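# Report on the structure
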Amino acid sequence: MKETVDSTGASHGNTRTYTIGFIFSVILTLAAFAPVMIGGVSRAAVFTTIFSAAIIQILVHLHYFLHLDTSSASRWNVLALIFTIMIIVLFVGGSLWIMWHLNYRMR
Amino acid sequence: MTPEAIDTTAAPGTNLAHAEHDATARQATEAMGFWLYLMSDLVIFASIFATFIVLSRNFAGGPTGRDLFDLSFVLLETMLLLCSSGTCGLAILAMHDGERQRLLAWLTVTFLFGAGFVAMEVHEFHALIQEGNGPQRSGFLTGFFTLVGTHGLHVASGLLWMAVAMGQIITKGLTIPVQSRLMRFSMFWHFLDIVWVGVFTIVYLLGVLQ
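From a predicted model like this one, the values you see are computed outputs, not experimental measurements.

### Looking at the packing of aromatic side chains
Under the definition given, this model contains 22 aromatic pairs over all chains. Between Tyr18(A) and Phe65(A) the ring centres are 5.9 Å apart and the planes differ by 20°, which places this aromatic pair in the stacked class. Note that Tyr18(A) is positioned in helix H1 (residues 15–38) and Phe65(A) in helix H2 (residues 43–65), a separation of 47 residues in sequence. Here Tyr18(A) and Phe65(A) have matching classes, each one buried. Among the aromatic residues, those joined into a ring-pair cluster are Phe52(B), Phe59(B), Phe69(B), Phe117(B), Phe125(B), Phe140(B), Phe144(B), Phe145(B), Trp196(B) and Tyr204(B).

### Points about the interface of chain B and chain A
Where interface size is given, it is often the accessible area lost as the parts come together that is meant. Counting residues at the interface gives 46 residues for chain B, matched by 46 residues for chain A. Carbon and sulfur atoms supply 83% of the area that chain B and chain A bury against each other, a total of about 4,300 Å² over both sides. Ranking the residues of chain B by area buried against chain A places Trp35(B), His96(B) and Leu209(B) at the top, with a combined share of 15%. The interface formed by chain B and chain A holds zero salt bridges in total.

The rules behind the values
- Residues numbered from 1 in each chain as written.
- Chains lettered and ligands numbered in written order.
- Predicted model: local features only at pLDDT ≥ 70, side-chain atom pairs only at ≥ 80, totals over all residues.
- Heavy atoms only, no water.
- Phe/Tyr/Trp six-rings, centres within 6.5 Å; stacked < 30°, edge-to-face > 60°.
- Helix = DSSP H or I, 4+ residues; strand = E, 2+ residues; numbered from the N terminus.
- Buried < 20%, exposed > 50% of the residue type's maximum accessible area, 1.4 Å probe, protein only.
- Contact = heavy atoms within 4.5 Å.
- Buried area = accessible area lost by both parts, 1.4 Å probe.
- Salt bridge = Lys/Arg side-chain N within 4 Å of Asp/Glu carboxyl O.

Rendered as structure tokens:
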């Protein structure tokens, strides 16, 4: 009898999903570092690249390493994550807004 | 998590399938609880990120990110952490297959990658402080040391956790509680890699661009 434990109550990956996740992460990391290290790209293009690479890489990690998906088994994990993101948007967005505004008015 | 999990009155000890179901439900609850801890940790990191971003241009006449950061060094650090995340996954697969030796081997590799990451970070901090660019130099450096240091402390705690886990695998074997703890460790380890994606993007890449 094989006794196993799940991380999120959802499916646990296999060698294939971990390999795919790892290769995606390496590519996305290189895609983020390359335009900054090599240069020769417009500022707007660099910002767009590094932020989209970061967001996609976070999603890749959540899906391939932490096995979050839309299945009912990981529903509560996803709900908790969404709630946390809402709190973070309020925290970080609110702090930056207030501090930027204070800085603007004190000039 | 499920109503059945609470129902312990039904013929205790006579129904093995039921007992097994209880154990599975218990582990799912423990994983969920640990996930909630990770979410609260994420809020802590987010607050420190916000602090860093607010302070990130307050150089006080001191060095900027462009002067201090060596991106090829950071890229190597990133790759070490990413590799350790991958090998951690392979360790968990070995655990599911019930192969103790393979599990211990992958955990050792994961530990070495993680230790390499921490060593590089300690080296970076040491060099900065030696050059007089410690956390007291400017608001920017205070934010930098707080954010990167908090992440580094988490990784160092992960190393300690891994060492204890390997000790438990050797002395206790692959019991259900040991496996359950290893699952939570892997969640913690992958989580730290996700936070690092934010750190290298916002601290290092944006720091060099500014």
